[in-house]
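# A closer look at the structure
The lines below spell out each chain.
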Amino acid sequence: MASYSTNEFKSGLKFMLDGDPCSIIENEFVKPGKGQAFNRVKFRNLKTGRVNERTFKSGDSVEGADVIEIDLEYSYNDGEFWHFMDPNTFEQYAADANAISESKDWLKEQYSYLVTLWNGSPLLVTPPNFVNLTVTETDPGVRGDTSGGGGKPATLETGAVVRVPLFIEIGEVLKVDTRSASYVERAKD
Amino acid sequence: MSSINWQPSSELEILKRRAQLLADVRLFFAERNVMEVQTPVLSQAAPTATYLDSFSTDYAPTGQHYYLQTSPEFAMKRLLAAGSGDIYQIAPVFRNGELGRLHSPEFTMLEWYRPALDYVGLMYEVDALLQQLAGFPAAVKISYQQLYIDTLQCDPLLAETKTLKSLAFKHIPSLPDNWETDHDGWLELLMSEVIEPQLLNYHAPVIVFDFPASQAQLANVYQNPNQQKVAARFEVYAGGLELANGYDECLDPVELKQRFERDNQLRSSQNKTVMPIDERLLAAQEAGLPACTGVAMGLDRLLMLISGKTQLSEVLSFGFEHS
């Protein structure tokens, strides 16, 4: 893998730090008074998802990380791994619980997910911003109430629980925002 | 349609404000009888300062190396030695490798020298210029030592290197465990990472004066009221930016030559190019530089503050990466 000097730092650059792949969010060149320059770098650890800061001496180098992002289709879960497929090459990828983490609530067969691969293995699975999911469990709907006021919990086919308006019934398909885990509207056919 | 980005990096309104700022600067100095000068951008000598890198080029017929000025300081001091009296210059300056949100390898410097003013008098003049041209409130003036004591409860003139080092690791969580630097390196790091961000709390420009003697650069070293050796050097901070650097100028050519040689030794120990010492400057100082004070101010940064921009490229007609 190529190495990168601080002069090449820019947001989005993937590099290795303390054994973990990281992505630069922000890079600030700092030159104190008449002293030696350094770079203040804000980055995301792609393994843990945590955002952190690190100071580098200007001119120092880091090793690049073999990290790419591709769209993969979710296939199934075998109890230990979640399996994805590249719809173009039919190549299979197995993601572990760490890579799935919070996306677990939004995995639906045949849906496309943004998967970050590190050295060819899934590191992180990001769901689309919106998914359509069927309600499997909720209190009976209140007929005629379309105001959207109040609300009640509803369990979706993936196991996720979101707050929905009172008029929603079991079996309805809802559009859900995965970033906030919130109901948007009834899905249009 | 071509996809090449040929457009200016700044809004045309900002360029108008720049033109106004330049006119205001010229008026400010005209009212004080300070003469505008122009000196060569290309010079056969260059500053030796360890962490200041010049661009260089060659004169084709002879192959003579020329350096693009990092500041017009040396040429202006030769004018002073020749009896110019008070002078100022608005000049393009060049610093290799300095590129970032607040840095451009090419920028505009306002530099002025005042045989008529002493160290404190020059601080007041910088303050007056900022008030008049940028509408800033009156500057707060505080010594480097006091600022360190107030912020870090540490006396920078007495502290041992290991004390500074442990303070740096305590206050700068982003610092990797294997960070190594020298005494001044720790002082500069604490200054820029811990103290500078606090200066915003003054809601006014801050003039920090009397730097440690080891950071004198081209300033005189003298005794502060506590009988400690300090550099007659000040830095002006405003809106989170380092805006200007001023000296009570070191007049002694022998002392100056020693500093240049020490710089070059440090350069060679770091495998950096040793720079040709400006013998013409030393000869001019030999002949006699009048007692004077001088200050250099980043005009683009000042324009950034005036126009509320957050990136230097937003106030340049064409930023370095689109030049």
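Since the model is a prediction, treat every value here as computed from it, not as a measurement.

### Some points on the overall build of chain A
- Counting its regular elements, chain A contains one helix and 16 strands.
- What you see for chain A is a C-alpha radius of gyration of 22 Å, clearly larger than the 16 Å of a compact globule of 189 residues, by over 25%.
- Within chain A, the fraction of its 189 residues that count as buried is 41%.
- Taking the intrachain contacts of chain A between residues at least 6 apart in sequence as the baseline, contacts between residues at least 24 apart amount to 45%.
- As displayed, chain A offers around 10000 Å² of accessible surface, 45% of which is attributable to carbon and sulfur atoms.
- Charge separation in chain A, taken as the distance between the mean sites of 20 positive and 29 negative side-chain charges, equals 9 Å.

### Notes on the UniProt feature "modified residue: N6-(3,6-diaminohexanoyl)-5-hydroxylysine" (unreviewed entry) in chain A
- Following the UniProt record, one finds the feature "modified residue: N6-(3,6-diaminohexanoyl)-5-hydroxylysine" (unreviewed entry) at Lys34 of chain A.
- Among the structural elements, Lys34 of chain A can be located in the loop between strand 3 (20-30) and strand 4 (38-45).
- Note on Lys34 of chain A: relative accessible area 24%, which makes it partly exposed.
- If sequence neighbours within four positions are ignored, Lys34 of chain A has contacts with Tyr51, Glu188, Gln217, Arg233, Asn245 and Tyr247 of chain B.

### Here we look at the UniProt feature "domain: Aminoacyl-transfer RNA synthetases class-II family profile" (unreviewed entry) in chain B
- As annotated by UniProt and renumbered to match this structure, "domain: Aminoacyl-transfer RNA synthetases class-II family profile" (unreviewed entry) occupies residues 21-306 of chain B.
- Counting secondary structure, residues 21-306 of chain B comes out at 36% helix and 24% strand; the distance between its end C-alpha atoms is 9 Å.

### Things to note about the side chain of Lys31 of chain A
- Position of Lys31 of chain A among the secondary structure elements: in the loop between strand 3 and strand 4.
- Polar side-chain contacts of Lys31 of chain A include one of 2.7 Å to the backbone oxygen of Tyr51 of chain B.
- Residue contacts for Lys31 of chain A: discarding those within four places in its chain leaves Ala37 of chain A together with Tyr51, Glu98, His103 and Glu242 of chain B.

Cut-offs and rules
- Residues numbered from 1 in each chain as written.
- Chains lettered and ligands numbered in written order.
- Predicted model: local features only at pLDDT ≥ 70, side-chain atom pairs only at ≥ 80, totals over all residues.
- Heavy atoms only, no water.
- Helix = DSSP H or I, 4+ residues; strand = E, 2+ residues; numbered from the N terminus.
- Rg over C-alpha atoms; globule rule 2.2 N^0.38 Å.
- Buried < 20%, exposed > 50% of the residue type's maximum accessible area, 1.4 Å probe, protein only.
- Contact = heavy atoms within 4.5 Å.
- Areas by Shrake-Rupley, 256 points an atom, 1.4 Å probe, with all protein chains shown as cover.
- Lys, Arg positive; Asp, Glu negative; His and termini not counted.
- Charge placed at Lys NZ, Arg CZ, Asp CG, Glu CD.
- UniProt positions renumbered as here; feature names shortened; annotations may be inferred.
- Polar contact = N/O pair within 3.5 Å; in protein donor to acceptor, adjacent residues only side chain to side chain.

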